[in-house]
Amino acid sequence: MGMNKIWRSRFPIFQHHPELVYLDNAATTQRVDSVIDAMQEFSISENASIHRGIYNLSNAATNRFEDTRHKIAKFLNAKSGENIGFTKGSTESINVVAKGYLESRLSKDDNVVVSILEHHANFLPWQDVCKKKGAELRILRLDGDGKLSPESLAELVDKRTRLVAVNHISNALGRINPVTSLIAKCKKRNVPVLIDAAQSAALHSIDVEKMGCDFLVFSGHKMFGPMGTGVLYVGDNYREEVEPLVVGGGMIESVSESVSTYRPFPFNLDAGTPNVQGVLGLGAAVDFLTQLDKDAARLHVARLTSKFTQGVKSIAEIKLVPLFDEESGIVSFNVNGIHAHDVAGFLNRDNIAIRAGMHCTQPLLDELNLDATARVSFSIYNEEEEVDRLISSLQKLVDFWK
Amino acid sequence: MNREEIERLYKELIIPESKAPYRFEKKDGTSVLAYNPVCGDKFKIFTDGEVHFHGHGCALSKASGSLLMKQLEQRHEGEAKEIIHQFVTAVKSGTAESLNSDSLSTLVALKNYDGREDCILLTWNAMLNYLETK
């Protein structure tokens, strides 16, 4: 059995839906069996509230929850579990940085730089704080060759730049950005950088030390883990400067009638009873990814992407948005004369699940003068035969619509 | 309704109607926005003189907008409100008996098969809201 078949066998959804061709992995990936097992195990035999229980079940849950921070630190090559905060996803992680770190440090005439490729999750929080504080939101645009260039970023960053936020892989187009070089330009001016790794955390090895970022975020549900889980990595230089958006039980050092103090990051993000079951599921996803041969996984995804992009060349009506990198596994396209929603709706009738619309990237689509695109996104469990089915369904659609 | 049936209805009505939508033209003057932020379908309905519409969206929302234009032709506001109200009610309840247009009945049939009420009612709801609040 090839690696692809072994990987696929670990995802129970495909036993429940043998006909399903699931190509919406950039929105959410399917859940691996060990994640499901870990979460079920917690419900069945490990459930207890953490941190405050003086009994074995609570202690065990606390240890496993805290161990997961260290596991994720290792996964990212971060210095310690104390650099790893738990959130409900990338969106919340970015909001914590925008509102819990940046907002109080941002003044009129300061600026924040984001790229045109950002998901709304990595655009709106910055736009929002800039508006509140009278700061400028600067946009790093694509260069003539359709890439984000470190040189262009260096021109945008100046002494009033308070943060740069950019994604590792564009969710809408599948462009892999040169994050290490982009970060290096910011480091020269001591500007902190946030990397949105939502699309890369699963199959692209991430080394925050080598990359040099100060903040990095990702979501559990795009890496074979559960929805409602996410990570905020904060480097040592900024760890003590991140304040919580939500306060309450479980994150305090002391509380009195007149004044209270909070625990430092990452524990200050854990107000209330945290999503322990989800965090343990996320930990199981990280275990799976740690054992996964990521080079083989990316090669597999790149092959599928290439098979698709080569295969649709025979259909004149299909226009790819040519700003993808094959190893991302993401490609956006349009079919002449047929709206993207109709493309997705038609493929759905052949049990092929793809996404259509603006992919939460309206500024990007405006920039490219596109109303919407259809998007396929491949993962480790997809197969070559599924690409054949996709292409033949697209051909059928084009013939039908004539 | 099976897949063959829905494809037949697309072939007979939705595709031709969306490829050549009626009174699909930008106009000056008052306009009403029909926008679905979830999917991005966006049309403007121009209400000065004979009603026109323009914008982008899926075949179903565009075809439905085209049929709305046909229904509103030569109607005064009271009639327009009544026609739209009747159609919105028919789509929501999934029963087409009250409608005297085969095309509009087809939209109700498609809603019953495929859901997508938001696509069908996008321009209709915007126009109704405009007429009721102006």
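Structure's up top.
What counts, and at which threshold
Residues numbered from 1 in each chain as written. Chains lettered and ligands numbered in written order. Predicted model: local features only at pLDDT ≥ 70, side-chain atom pairs only at ≥ 80, totals over all residues. Heavy atoms only, no water. Pairing = 2+ DSSP bridges. Helix = DSSP H or I, 4+ residues; strand = E, 2+ residues; numbered from the N terminus. Axes fitted to C-alpha atoms, helices over the stretch in contact; angles between N-to-C directions. Contact = heavy atoms within 4.5 Å. Buried area = accessible area lost by both parts, 1.4 Å probe. Salt bridge = Lys/Arg side-chain N within 4 Å of Asp/Glu carboxyl O. Polar contact = N/O pair within 3.5 Å; in protein donor to acceptor, adjacent residues only side chain to side chain. Nonpolar A, V, L, I, M, F, W, Y, C, P; charged D, E, K, R; others polar. Phe/Tyr/Trp six-rings, centres within 6.5 Å; stacked < 30°, edge-to-face > 60°. Expected span 1.5 Å × (residues − 1). Buried < 20%, exposed > 50% of the residue type's maximum accessible area, 1.4 Å probe, protein only.

Attention now moves to the sheet that holds strand 7 (residues 215-219) of chain A. Residues and elements named next belong to chain A. Spatially, 7 strands are ordered 2-8-7-6-5-3-4 in an open sheet, and the strand pairing comes out mixed. Whereas interior strands pair on both sides, the edge strands pair on one side only; in this sheet they are strand 2 (84-87) and strand 4 (136-140). With direction set aside, neighbouring strand axes in the sheet form an average angle of 20°. In terms of strand pairing, strand 7 meets strand 8 (residues 230-234) through 5 bridges, oriented antiparallel. Looking across to strand 8, one finds that Leu216 is bridged to Tyr233.

Once that is clear, we can look at the interface of chain A and chain B. The interface is formed by 15 residues belonging to chain A together with 19 residues belonging to chain B. Between chain A and chain B, the buried area comes to about 1,400 Å², and carbon and sulfur atoms account for 51% of it. When residues of chain A are sorted by the area they lose upon contact with chain B, Arg349(A), Phe400(A) and Trp401(A) head the list and together hold 45% of the total. Across the contact surface, chain A and chain B share 2 salt bridges. Close ionic contact of Asp342(A) with Arg116(B) constitutes a salt bridge, the shortest N to O distance being 3.9 Å. On the surface where chain A and chain B come into contact, there are 8 residue pairs in polar contact (both at pLDDT 80 or more). For the side of chain A that touches chain B, the elements supplying multiple residues, two or more each, are helix 12 (340-349) and helix 14 (384-401) of chain A. Its residues placed into classes, the side of chain A that touches chain B shows 4 nonpolar, 4 polar and 7 charged.

What follows covers the packing of aromatic side chains. Residue and element names in this part refer to chain A. All chains considered together, the criterion is met by 19 aromatic pairs over all chains. With a centroid separation of 4.6 Å and 65° between ring planes, the pair formed by Phe11 and Tyr381 is classed as edge-to-face. Remark: Tyr381 occurs in the loop between strand 15 (373-377) and helix 14 and Phe11 occurs in the loop between helix 1 (3-9) and helix 2 (13-16); sequence separation between them is 370 residues. Summarising the aromatic geometry, the rings of Phe346 and Phe400 are spaced 5.6 Å apart at their centres and angled 40° between planes, so their arrangement reads as tilted. Of this pair, Phe346 sits in helix 12 while Phe400 sits in helix 14, placing them 54 residues apart in sequence.

Residues and elements named next belong to chain A. In this model, helix 11 (residues 294-311) (18 residues) spans 25 Å end to end at C-alpha, consistent with the 26 Å of a helix rising 1.5 Å per residue. Within the sequence span of helix 11, burial applies to Lys294, Ala297, Arg298, His300, Val301, Ala302, Leu304, Thr305, Phe308 and Thr309. Between a side-chain oxygen at the N-terminus of helix 11 and the backbone nitrogen of Asp295 the separation is 3.2 Å; the capping residue is Asp293.

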